[in-house]
Amino acid sequence: MTLPKPVALVVGASRGLGRQIAIDLAKNDYTVVVAAKTTSNAYETVPFPPDPNSNKSTIATVEREIKEAGGKAFAIQVDVRDVSQVENMVKETVRLAGRLDVLVYNSGAIWWSSVANTPTKRFQLMQRVNPEGLYATVQAALPEFERNAWKGRIIVVSPPIYSRFFRGKTAYAMGKVAMSVLTRGLAMDFVRQGHKDMAVTSLWPATSTESAATEVTTSKDPSRKADLRKPTVFSDAVIGILNSPAETVNGMLALDEDFLRQYCGVSDFSKYSVIPGSNPRRIMPKKLPVLEVAEQDDEGVRMDSKPYGPLDSDKQLHDALMQALKEVPSPVLTQFKDRPLPICTPYTFTHGDLNCQNILVKDGELVGILDWESAGHFPVWWEYVATSIGFTAEDAEWKALLRVRLSGYEEGREFWRDLYALSRYPNLIERGQAFVDRLLCAEQAADVSPYSFYAFTYLQKNAAALESLGVEIEYIPVFLGGINVGSGNKPPWTLPAKAAYSKYDGKRAQKYFGHDFEVPSWFPILSLLPQRALAYIKKHHPSQTFSAAFQSCFETMWNGQLDISKPENLATALRNVFSAQEVEKIITAAGTPEVKAELAATTERVVKELGAFGCPWFWVVNGEGKGEPFFGSDRWHFMWEFLGLPFDDLRLRARI
């Protein structure tokens, strides 16, 4: 089967760098959509192809060049200052080419002069074409990348951030640096949202490159061409970026020469010189400042901005608020989405940030309210809710007093506080963690349940026999509360008839598997802590050590009658396998965002990929590579038959 060609949209592709990028993408087997404001009748252009840096070069001539070279291309006229045209450009790209895999933004307006000599209208033009045009294009393209399962690349023609770039061209630099800020910020979004196959990269020439802009100076002084490189140096760097792993280039503010040297192994750049034998002068610094800080990952107290309305319905508000929870594991998100909004009507024009610095008082009278950027049409309880966060001790004290004077909407306030706490996942504050635990506990059957213990006992007892038959066993820590929520299953004790039956079935299973214990009054437990600890052990210790730790947890809980959801009791279980120092390290690690996220991801995977709806859950793969699920501690004969193993089934002996 022939895979479809990847599709690249190059915005600002009529001439210069944009044209060269489009030409070379087509040579590298991309379907290319070229977009810009200027077009023409390519078949009336003489000579053809036209000078690539002249006004005769348009998206129509570039399209024709690509097609006549055997490539596939489409041309779309667009003025990036018009958001509706930008949105239509992306829609047309998908309609014509079928998809969108790569976006290159090369559109630009230029004016190099001092602030005093840069008219406001010229400044506004540059902002509309440079950062605003880029932002609108990215906004329009992101839904298409989402439809591609977040697999794609964005390349922005913008510079690294350093102070010398501002000199003598402040208005221009403001827009181009803003484009690089978008690159860095969007890259962080991709990381925060787990889009590992997405990357956005800024690229800029290290030396002056032949273009329409340089034609102005070289036409007057041809000797200046000695300092120019061909645009192919830039397009080669673009191809190199697209061929690199997403994690390598995401957020990079790269220079074409440096990228080709470091990542593509290019050492001889003579082929790129416009004048053969010349050595173009580097115009960019050799060393650039580092933008990261020690507190890079500390987001502080934040929440994604809210919708401003007017809103058509409570559902529209609810859906907008849920956007803040994109990173929350689906079992928790499903539960929270089912929680009804507090009554919202009447929707009211609301300030939304009545902190003490925004209130002006003179002689005991209110004379003004400042900073309305958070204002909007919100539910009637929103102003009251907004008093929940105090940014300083003084502000918190003021807002507590303010709540006394406002109508009380505690239901709305509690809803919003839970929403805010969850929005910080995986770096949850105490309220967020407690809320997650409470959500999952409400629907959970403990994954250290007696039936999981029985299954573990049986497998350990038969481990040698299974090994002799070539069967490998892997134990996977999961949180069954999340499995129940994700699959829609209910714990057996939530139905009275099942709960009554379980008393009989439990004793029968104990006798069969060789156990004798009472189910303690504190069961079921919230087993997140032990499962997170086991997840950490599985990742950082040998499999035999992990199995021993798993068994000790089971033994301590059921035979020792200790609630291992409590840290001190879990420590007792783990000290049978580890030193006291190692136990402390494991329990500390179990509380880290990384381990929490890992257990949540594993739990989500077994639901979505392995079909789990309870525990013990088995995914069994036979010698033909075929996998099937099995559920429960009494399906061994079905498993052995599926694996083709010799076994003795249960047989009834007749009385003679």
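Quick caveat: nothing in here was measured; it's all calculated off a predicted structure. (Residues numbered from 1 in each chain as written. Predicted model: local features only at pLDDT ≥ 70, side-chain atom pairs only at ≥ 80, totals over all residues. Heavy atoms only, no water.)

What about the packing of helix H18 (residues 480-487) against helix H24 (residues 593-608)?
At a minimum axis distance of 9 Å, the contact between H18 and H24 shows a crossing angle of 40°. As far as their axial angle goes, H24 and H18 are oblique. The two elements H18 and H24 meet at a crossing, and its hand is right-handed. Contacts between H18 and H24 pair Gly-482, Ile-483, Gly-486 and Ser-487 from the former with Thr-603, Val-606 and Val-607 from the latter. For the contact of H18 with H24, the class distribution of residues is 3 nonpolar, 4 polar and no charged. (Axes fitted to C-alpha atoms, helices over the stretch in contact; angles between N-to-C directions. Helix = DSSP H or I, 4+ residues; strand = E, 2+ residues; numbered from the N terminus. Parallel < 35°, antiparallel > 145°, perpendicular 65-115°, else oblique. Left-handed = near helix turned anticlockwise from the far one by under 90°. Contact = heavy atoms within 4.5 Å. Nonpolar A, V, L, I, M, F, W, Y, C, P; charged D, E, K, R; others polar.)

A closer look at unusual backbone geometry
Trans is the common state for peptide bonds, and a negative phi is the common state for residues other than glycine. Backbone torsion omega between Val-46 and Pro-47 reads -5°, so that peptide bond is classified as cis. Assignment of secondary structure puts Pro-47 in the loop between strand E2 (31-36) and helix H2 (59-68). Even without being glycine, Asp-29 reaches a positive phi, approximately 70°. Counting through the fold element by element, Asp-29 comes out in the loop between helix H1 (16-27) and E2. Although it is not a glycine, Ala-149 adopts a positive phi angle of roughly 65°. Judged by relative accessible area, Ala-149 falls into the exposed class, the value being 53%. (Buried < 20%, exposed > 50% of the residue type's maximum accessible area, 1.4 Å probe, protein only.)

Re the state of the cysteines
Throughout the structure, instances matching the rule amount to 0 disulfides. Of all cysteine sulfurs in the structure, the one in Cys-615 sits closest to Cys-553, which takes part in no disulfide; the separation is 15 Å. A relative accessible area of 1% means that Cys-553 is categorised as buried. (Disulfide = S-S within 2.5 Å.)

Concerning the side chain of Ser-180
Within the secondary structure, Ser-180 sits in helix H5 (residues 170-192). Polar side-chain contacts of Ser-180 include one of 2.4 Å to the backbone oxygen of Pro-159. Filtering out sequence-adjacent residues up to four positions away, Ser-180 remains in contact with Ser-158, Pro-159, Ile-161, Ser-202 and Leu-253. (Polar contact = N/O pair within 3.5 Å; in protein donor to acceptor, adjacent residues only side chain to side chain.)

Examining the environment of Tyr-384
Mapped onto the secondary structure, Tyr-384 falls in helix H12 (residues 382-385). When its relative accessible area of 7% is taken as the criterion, Tyr-384 is described as buried. Once residues within four sequence positions are removed from consideration, Tyr-384 is found in contact with Arg-403, Leu-406, Ser-407, Gly-408, Tyr-409, Glu-410 and Arg-413. At 2.4 Å, the side chain of Tyr-384 and the side chain of Glu-410 are in polar contact.

Comments concerning a nonpolar patch on the surface
A surface patch of nonpolar side chains, amounting to about 510 Å² of accessible area, comprises Phe-349, Val-361, Leu-366, Ile-369 and Trp-372. Residue classification places Leu-366 among the exposed residues on the basis of a relative accessible area of 55%. (Patch = residues over 30% accessible without salt bridge, like charges linked within 9 Å, V, L, I, M, F, W, Y side chains within 5 Å. Areas by Shrake-Rupley, 256 points an atom, 1.4 Å probe, with all protein chains shown as cover. Salt bridge = Lys/Arg side-chain N within 4 Å of Asp/Glu carboxyl O.)

Some points on the packing of aromatic side chains
As enumerated under the stated definition, the model contains 32 aromatic pairs in all. Sitting over the face of the ring of Trp-112, Lys-169 holds its NZ or CZ atom 4.7 Å from the ring centroid. The residue whose ring lies beneath Lys-169 is Phe-165, and the NZ or CZ to ring-centre distance is 4.8 Å. (Phe/Tyr/Trp six-rings, centres within 6.5 Å; stacked < 30°, edge-to-face > 60°. Lys NZ or Arg CZ within 6 Å of the ring centre and 35° of its normal.)

A few points about the side chain of Lys-169
Turning to its location among the elements, Lys-169 is positioned in the loop between strand E5 (152-157) and H5. Buried charge Lys-169 goes without a salt bridge, the closest partner of opposite sign being Asp-227 at 15 Å. A polar side-chain atom of Lys-169 sits 3.1 Å from the main-chain carbonyl oxygen of Phe-165. Ignoring anything within four residues of it in the chain, the contact list for Lys-169 reads Trp-112, Ser-113 and Arg-164. (Lys, Arg positive; Asp, Glu negative; His and termini not counted.)

Section: the pattern of salt bridges
A complete count under the given rule lists 20 salt bridges for this structure. Note that Glu-414 is salt-bridged to Arg-417, the shortest N-O span being 3.4 Å. Of this pair, Glu-414 and Arg-417 both sit in helix H14 (residues 410-423), 3 residues apart, which is roughly one turn of the helix. Note on Glu-414: relative accessible area 28%, which makes it partly exposed. Owing to a relative accessible area of 27%, Arg-417 belongs among the partly exposed residues under this scheme. Across the salt bridge formed by Arg-635 and Asp-634, the nearest N and O atoms sit 2.6 Å from each other. Accessibility expressed as a relative area gives 31% for Arg-635, which makes it partly exposed. Residues participating in the shared-partner salt-bridge network are Arg-229, Glu-257 and Arg-261.

Notes on the sheet that holds strand E3 (residues 73-77)
Strand order in the open sheet formed by 7 strands is E3-E2-E1-E4-E5-E6-E7, and the pairing between neighbours is parallel. If you trace the sheet from one side to the other, it starts and ends with E3 and strand E7 (253-255), each paired once. Direction aside, the axes of adjacent strands within the sheet are offset by 20° on average. As paired elements, strand E1 (residues 7-11) and E2 share 5 bridges and run parallel to each other. Looking at E2, one finds that Val-10 is bridged to Val-34. (Pairing = 2+ DSSP bridges.)

Some remarks on the environment of Gln-127
Mapped onto the secondary structure, Gln-127 falls in helix H4 (residues 120-147). The buried category is assigned to Gln-127, whose relative accessible area is 11%. Sequence separation between Gln-127 and Ala-178 is 51 residues, and the spatial gap between their C-alpha atoms is 9.1 Å. For Gln-127, the contacting residues outside a window of four places in its chain are Glu-132, Gly-133, Ala-171, Met-174 and Gly-175.

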